[in-house]
Amino acid sequence: MRTLRFLLALAATVLLIWVLSTQQKAGDKTLPALGDFFNPFTGFWRNAEPVVNLGSGLGKNLKLPGLKGKVDVVYDDLMVPHIFAEQLEDAARVQGYVTAASRLWQMDITTRKASGRLSEVLGDRTLKIDRIERRRGMVFAAENCLIGWKKDPATLSLMQAYADGVNAYIEQLSPAEYPIEFKLLGYKPEPWSMLKSALVIEAMAETLAGGDNDLNATNALAAFGRPAFDSLYSQLNPKQIPIIPDIGQWAGIKPILSPVAPTNASLTGIDSPKDGNGLFSDVVQQEGPEGYLRGSNNWAVGKSKTKDGHTLLANDPHLNLTLPSIWYQVQIHTPQMNCYGVSLPGMAGIIIGFNDDIAWGVTNVSHDVADWFKIQWANPEHTKYTVDGEQREVRKKIEEIVIKGQPTLYDTVRYTIFGPVVYDFDPKNALHDCALRWVSHDEPKENMVTGFMQLNAGKNFDDYKNAISGFDCPAQNFVFATRSGDIAIRVQGRFPLRAKEQGRFVLDGNRSQNMWQDYIPQDDIPAMKNPERDFVYSANQNSTPPSYPYYYLGNFDAYRGRRIYQRLDGMHDATVDSMKQMQLDNFSQRAADALPVMLHLLDYKRLNESGKEMAADMAGWNFKFDADKMAPTYFDTWWDSCYVKVWDEMTALQKADKSVSYPDGWRTIELMEKDSMNRFFDHPSTPARETARDIVTEAFLAMQDYFIKNPLQKTNWGKAKGFEIKHLGQIEAFGIQGITVGGHKTAPNAIGKSNGPSWRMIVDLGETTHGVGVFPGGQSGNPGSKYYDNMVDAWVKGEYYDLLVLKSAEEKSDRIIGKNTFNPK
């Protein structure tokens, strides 16, 4: 019996050791190897950071291969590295090292997602994501990006130095020092490369410039006919104030282009596979039928409008907010430059920032630069296709997708003269025989990377214009200001030269004339310098008025730009505090447009006492989505209900697997106000003919009943919003839930459920340039660090930090917490 008990105990021990050292399945989730994870010497305990941990800590003299000279890195109380180097290449090398020390797992998982390699570490739950990323040609785009970079020796040396710096950090890591996510998922860091840096750029391009509406527009045109389509989906909001007005600068430009042919058939099916578990979802997410507008704000104010006679610049790019944060703050000081701002982990240089002489910021241009072409196959094997009556061979690329715990998937992607055929593996998908033409697939200009470095070191308008000329995709509205008084904005990117409506619908791939003819010449892209009004700005609205001679289309914001223009136009004696108030402005132009119309249409006789109180509360509301108010909760609920009820025809088509767009919110308001008998207010399923008045009242009663049945949901806007900042890998314990904050996606302070200002920056270009800024997170990517989310509370409260810009590594400041020195190895 004793022997039997011993053998049972031994078997149980062996089983426990095996369980603790092996990843286990729990439903559809994979648990880490808990033995390794809880190991006191190498497990998660080693990731706790009571103060700071940068691999080797602070106050160290470190050896770094490839350095040409000494580099000092001073850390301030926000854990921002201030890099002092005698050569730019040395600065890039050390930037790679210190960024990896703080954000290594973020860099790894970002490039894994972009390159379709998540399943190597996460198993088959991310196979759909990997397959589509490969088929969209993300690696193809990054490889072409790299070809362009390698044509410029300066770019090549900078990006290789950055990659070498990242690898120097990785090589000195022991398994005990791996970031916690590597331990949870049971894999180790792999070497960095220039290709991975290119993938970081392509990931942002996919987020900001990878969208299109071709399929939805094609189906809507087929479903409703041309007159109704033109009415519902007007491309120009008459209330829009463009970024660049027409002052005669385009006179004489008359592009000559051939007409194009869209496909004639409606395309049924789904748009693209959705990530069922939400893991590593796209940076810009959908929030209801209207979706989430790709948003950001920037502006520059000239000396005549400021109190101290200084130019002021502000920027707050809106993205899906995550922990670790999207941005990484850094200062780079060399004999040629002294620049402060935010970088993208994985890329050398500073993307948004300022130096002693200039400041700049970006917003998304929002032009559609991706088109779909319906392919006519010439044989059953789909190895040949027809263009202009002639057969062409596809180029096959075999994608090897490694899946953890399962056999490798070998996927054949067919490339045509238009681009990759993305969905041909799925006959149920509407785009299964369509090729994707995307501007980011093109080889970029050689000076794209060095251009940013030139901007970092720029001193005047000419430096700015020359530096950003190589920036192709994602196209950005670059706002600019100098200490000497210049202000400017430029809609910078590579834009297809299109005939009217080319790219609005799925195009016939059987005709070469449907291909892009060229790109809009750089001299003709919209730009403005020192306008008479003495301010420039953008908020993702239309780039130009209809008089601009080139055709473009996209997803443009209809509200924030109008509010920002109104405030800037009436501004005098502006200060940094004025800029803060604008960035934190919760006023919704959509609410200001819609609510008076909806209240006018509302049948008050059908409301109960609670409903009348809600209506009265909204009637006295100032249209600001402040966290402590109830009216925003009522209005947002009422608007959403009304919007869905108006466009029930679109919902019915979506349920029938026919993708169509919902008309814009501004067009909905316009119809309610000016055409209340429009046929789209009628419910096809009822015998009566409903009007806008019926729909508005019906939606209000639905809201009224909802709050009666769900009294806990009847709360102030800050709680009703349900804002949270998720961990990049959807690990709930590493995110922050239940944050109470105001703002709205249609207000300048564009905070949605998980989207919002990812970096708020304001720069005062006075005698001494001074900046303030904040982002909702921290410098560290380690959940065990005090610098992981230490700026979130300040961001929520609308507070800013003074951005410490040092003149030398020896400069004294009570904000400095330590220094590392890197020497050649």
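Scroll up to find the structure this text is about.
1. Here's the deal with the overall build of the protein chain
Looking only at helices and strands, one finds 23 helices and 32 strands in the protein chain. With 825 residues in all, the protein chain has 59% of them scored as buried. In the protein chain, the proportion of contacts linking residues at least 24 apart, taken out of those at least 6 apart, comes to 73%. As displayed, the protein chain offers around 32300 Å² of accessible surface, 52% of which is attributable to carbon and sulfur atoms.

2. Brief notes about helix H17 (residues 609–619)
Of the residues making up H17, those classed as buried are Gly611, Met614, Ala615 and Met618. All buried residues of H17 fall inside an arc of 100 degrees around its axis, so they share one side. Turned more than 90 degrees off the buried face of H17, the exposed positions are Glu609, Glu613 and Ala619. Regarding H17, its N-cap is asparagine 608, as a side-chain oxygen of that residue lies 3.1 Å from the backbone nitrogen of serine 610 further along.

3. Quick notes on the packing of aromatic side chains
The final tally for this structure, using the stated rule, is 39 aromatic pairs. Arranged with centres 6.4 Å apart and planes meeting at 65 degrees, the rings of phenylalanine 461 and phenylalanine 480 form a pair that is edge-to-face. With a gap of 19 residues between them, phenylalanine 461 in helix H13 (residues 461–468) and phenylalanine 480 in strand S19 (residues 476–482) connect regions that are remote in the sequence. Phenylalanine 461 gets classed as buried once you look at its relative accessible area, which sits at 16%. For phenylalanine 480, a relative accessible area of 0% translates into the label buried. Relative to tyrosine 643, the ring of tryptophan 639 lies with its centre 5.9 Å away and its plane at 35 degrees, an arrangement referred to as tilted. In this pair, tryptophan 639 and tyrosine 643 are both assigned in helix H18 (residues 631–646), 4 residues apart and thus about one turn of the helix distant. Classification of tryptophan 639 by relative accessible area gives buried; the value is 0%.

4. Regarding the pattern of salt bridges
Counted under the stated rule, the structure contains 44 salt bridges. With a closest N to O distance of 3.0 Å, aspartate 77 and arginine 815 form a salt bridge. Here arginine 815 lies in the loop between strand S31 (801–802) and strand S32 (816–824) and aspartate 77 lies in the loop between strand S4 (71–76) and strand S5 (81–85), a separation of 738 residues in the sequence. With a relative accessible area of 34%, aspartate 77 lands in the partly exposed category. Notably, a salt bridge pairs lysine 113 with glutamate 206, separated by 3.9 Å at the nearest N-O pair. Pair noted here: lysine 113 is in helix H3 (residues 88–115) and glutamate 206 is in helix H9 (residues 194–209), with a separation of 93 residues, a long-range link.

5. Quick notes on the sheet that holds strand S18 (residues 434–438)
On the basis of which strands lie adjacent, the open sheet formed by 3 strands has the order S18-S13-S22 and mixed pairing. The open sheet is flanked by S18 and strand S22 (507–508), the only strands paired with a single partner.

6. Quick notes on the nonpolar core
Core analysis: the biggest nonpolar cluster contains 173 residues, and Trp149, Trp327 and Phe822 have the highest contact counts within it. For this core, the element with the highest residue contribution is H3, accounting for 12 residues. Setting aside its immediate chain neighbours within four residues, phenylalanine 822 contacts Leu62, Leu64, Leu67, Gly69, Lys70, Val71, Val73, Val94, Tyr97 and Val98. Listed in part, the 55 residues of the second largest apolar core include Phe224, Ala594, Trp639 and Phe680.

7. Examining the environment of leucine 804
Inspection of the secondary structure puts leucine 804 in the loop between S31 and S32. Its relative accessible area of 14% is what places leucine 804 among the buried residues. Once the C-alpha coordinates of leucine 804 and tyrosine 340 are considered, the two residues, 464 residues apart in sequence, prove to be 8.5 Å apart.

8. Remarks on the pairing of strand S25 (residues 535–538)
Burial along S25 is two-sided: Phe535 and Tyr537 facing one way and Val536 and Ser538 facing the other are all buried. One ladder, built from 4 bridges, connects strand S6 (residues 296–301) with S25; its direction is antiparallel. If you follow valine 301 over to S25, its bridge partner there is phenylalanine 535.

9. Quick look at the sheet that holds strand S27 (residues 736–739)
One open sheet holds the 3 strands; their spatial order is S8-S26-S27, and the pairing between them is mixed. Only two strands of the sheet have a single partner each, and these edge strands are strand S8 (322–323) and S27. Looking at chain direction, S8 and strand S26 (residues 723–727) are connected through 2 bridges and run parallel. If you follow threonine 322 over to S26, its bridge partner there is lysine 726.

10. Details of H13
One full turn of an α-helix is made of 3.6 residues, so residues set three or four places apart face in the same direction. Along H13, the residues that are buried comprise Phe461, Tyr464, Ala467 and Ile468. Relative to the axis of H13, the buried residues are bounded by an arc of 135 degrees and lie together on one face. Tucked inside the fold, the buried residues of H13 contact helix H12 (448–456), S19, strand S20 (487–492) and strand S24 (527–529). Structurally, the start of H13 carries an N-cap: the backbone nitrogen of aspartate 462 is 3.2 Å from a side-chain oxygen of asparagine 460.

11. With respect to the pairing of strand S9 (residues 328–334)
Counting buried positions along S9 yields 7 of 7 residues, so the element is predominantly enclosed. Burial along S9 is two-sided: the face carrying Tyr328, Val330, Ile332 and Thr334 and the face carrying Gln329, Gln331 and His333 are both buried. Bridge count between S5 and S9: 3 bridges; the pairing is parallel. Residue pairing in the sheet places histidine 82 in a bridge with glutamine 331 of S9. Counting the residues in the hairpin turn of S9 and strand S10 (residues 337–343) gives 2 residues.

12. Notes on the side chain of arginine 494
Checked against the element boundaries, arginine 494 lands in the loop between S20 and strand S21 (496–497). Here the side chain of arginine 494 touches glutamate 443 through a polar contact of 3.2 Å, landing on its backbone oxygen. Excluding anything up to four places from it in sequence, arginine 494 contacts Val369, Val439, Asp442, Glu443, Pro444, Lys445, Asp472 and Tyr519.

Conventions we followed
- Residues numbered from 1 in each chain as written.
- Predicted model: local features only at pLDDT ≥ 70, side-chain atom pairs only at ≥ 80, totals over all residues.
- Heavy atoms only, no water.
- Helix = DSSP H or I, 4+ residues; strand = E, 2+ residues; numbered from the N terminus.
- Buried < 20%, exposed > 50% of the residue type's maximum accessible area, 1.4 Å probe, protein only.
- Contact = heavy atoms within 4.5 Å.
- Areas by Shrake-Rupley, 256 points an atom, 1.4 Å probe, with all protein chains shown as cover.
- Arc of directions from axis to C-beta.
- Polar contact = N/O pair within 3.5 Å; in protein donor to acceptor, adjacent residues only side chain to side chain.
- Phe/Tyr/Trp six-rings, centres within 6.5 Å; stacked < 30°, edge-to-face > 60°.
- Salt bridge = Lys/Arg side-chain N within 4 Å of Asp/Glu carboxyl O.
- Pairing = 2+ DSSP bridges.
- Core = buried A, V, L, I, M, F, W, Y, C linked by side-chain atoms within 4.5 Å.

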